[in-house]
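Listed here are the chains, written in short residue letters.
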Amino acid sequence: MMDFIVAVRDPQEWHQVNMAQNPKHYSALRFGGPHFIGRVQENWGAKVYFNTLVPTHEGMIKYGVISHSSLVADLLDWDTLYVAGRLHKPVLLLHKESEDEELHTALKLNLFSAVHTALLLLPELFSEEQLYITLAGLSYAGDFRMYVGEDQNKVKNIVGAQKHEFRSLYTPVLKELEEYVILDTLSGMGEQDTSPPARLYHLSMLPKRLQLMLIKEWNKDRRNRDLEDVLRAAAHDTDVEDVIRKGIEDIVKVSSLTQSIKGILTAGALKSLRYSWSKVKKMWKSLQR
């Protein structure tokens, strides 16, 4: 089943038109009207409204609707890491307004944030595959579906099937960070500067949500350290990757769980059972390998 994400300026207006044209795409929630659908989208879960198991001439599709403002916020700050995480993987961009500089910049910064984060989680020497698996795995860390209902080899399979696409996606980013990391695609190995100044640079470039979690962790002793003090201390802490990993897991845990509960309502009971059963079968097959 192909997944689509549609970013719209006015969710209520978009749903009003779509509900008139495609009422069967929606569950019984459509009887609440476009205003209600828009509120469900914006106020519950990861601010995405999914219609799933939609039949087309190309097979079944699932499409999620997110407001432009929520998309930009997630890309820049990792509020939920839900759509931002999906965009850490290669995707086909079907349409983007050429004059939308705000979205263009946010998409680019999201990839840089992913690389800064991945480098803080990786050792000094790493393989190209390790890098891509770390990048692709950020949005699955803490996702309860990875334990119930997902192929256990999902992240490796994503990277294995799209290694060249990952390389194309991240080569421009790595090129701008050559002062801190070098990836030799011929040997398939990478090396990074893991000195405190380099780590401080990566920490300073993390999304706001992760930085706030670092501040919270470092101030557990009830002292009032500001961001600059926390980042400087974290740069010298050899266990900072554990804090970062936990921070990512905490973000994903909440957004994946609340969005899944929301998905039961937006899909309806029958579609939810069909979709969940297909996921369980896929997970079972992966466990048999």
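Small disclaimer: the values here were computed from a predicted structure and weren't measured.

Basis of the calculations
Residues numbered from 1 in each chain as written. Predicted model: local features only at pLDDT ≥ 70, side-chain atom pairs only at ≥ 80, totals over all residues. Heavy atoms only, no water. Helix = DSSP H or I, 4+ residues; strand = E, 2+ residues; numbered from the N terminus. Expected span 1.5 Å × (residues − 1). Buried < 20%, exposed > 50% of the residue type's maximum accessible area, 1.4 Å probe, protein only. Salt bridge = Lys/Arg side-chain N within 4 Å of Asp/Glu carboxyl O. Pairing = 2+ DSSP bridges. Axes fitted to C-alpha atoms, helices over the stretch in contact; angles between N-to-C directions. Contact = heavy atoms within 4.5 Å.

**With respect to helix α5 (residues 101-121)**
With 21 residues, α5 ought to run about 30 Å at 1.5 Å a step, and its terminal C-alpha atoms sit 30 Å apart, in line with that. For α5, a buried count of 15 out of 21 residues is recorded, marking the element as mostly surrounded by other parts of the structure.

**Structural notes on the pattern of salt bridges**
Counted according to the given criterion, the structure contains 15 salt bridges. In this structure, the salt-bridge partner of Asp242 is Arg245, at a minimum N-O distance of 3.7 Å. Of this pair, Asp242 and Arg245 both sit in helix α12 (residues 240-267), three residues apart, roughly one helical turn. According to the relative accessible area criterion, Arg245 is partly exposed, its value standing at 33%. Note that Asp250 and Lys253 form a salt bridge whose closest N and O atoms lie 3.8 Å from each other. Of this pair, Asp250 and Lys253 both sit in helix α12, three residues apart, roughly one helical turn.

**Examining the sheet that holds strand β2 (residues 48-56)**
Reading across from one edge, β1-β3-β2 is the order of the three strands in this open sheet, with mixed pairing throughout. The open sheet terminates on both sides in strands that have one partner only, identified here as β1 (2-8) and β2. For this sheet the average axis-to-axis angle between neighbouring strands, irrespective of direction, equals 25°. In this structure, β1 lies alongside strand β3 (residues 59-67), joined through seven bridges in parallel fashion. What sits directly across from Val8, in β3, is Ser67.

**Thoughts on the environment of Trp44**
Locating Trp44 in the fold gives a position in the loop between α2 (33-43) and β2. Considering only alpha carbons, one finds Trp44 and Gln259, 215 residues apart in sequence, at a separation of 7.2 Å. Beyond its immediate chain neighbours, meaning those up to four positions away, Trp44 contacts Arg39, Gln259, Lys262 and Leu265.

In short, the description is geometric, and any link to function would need to be established separately.
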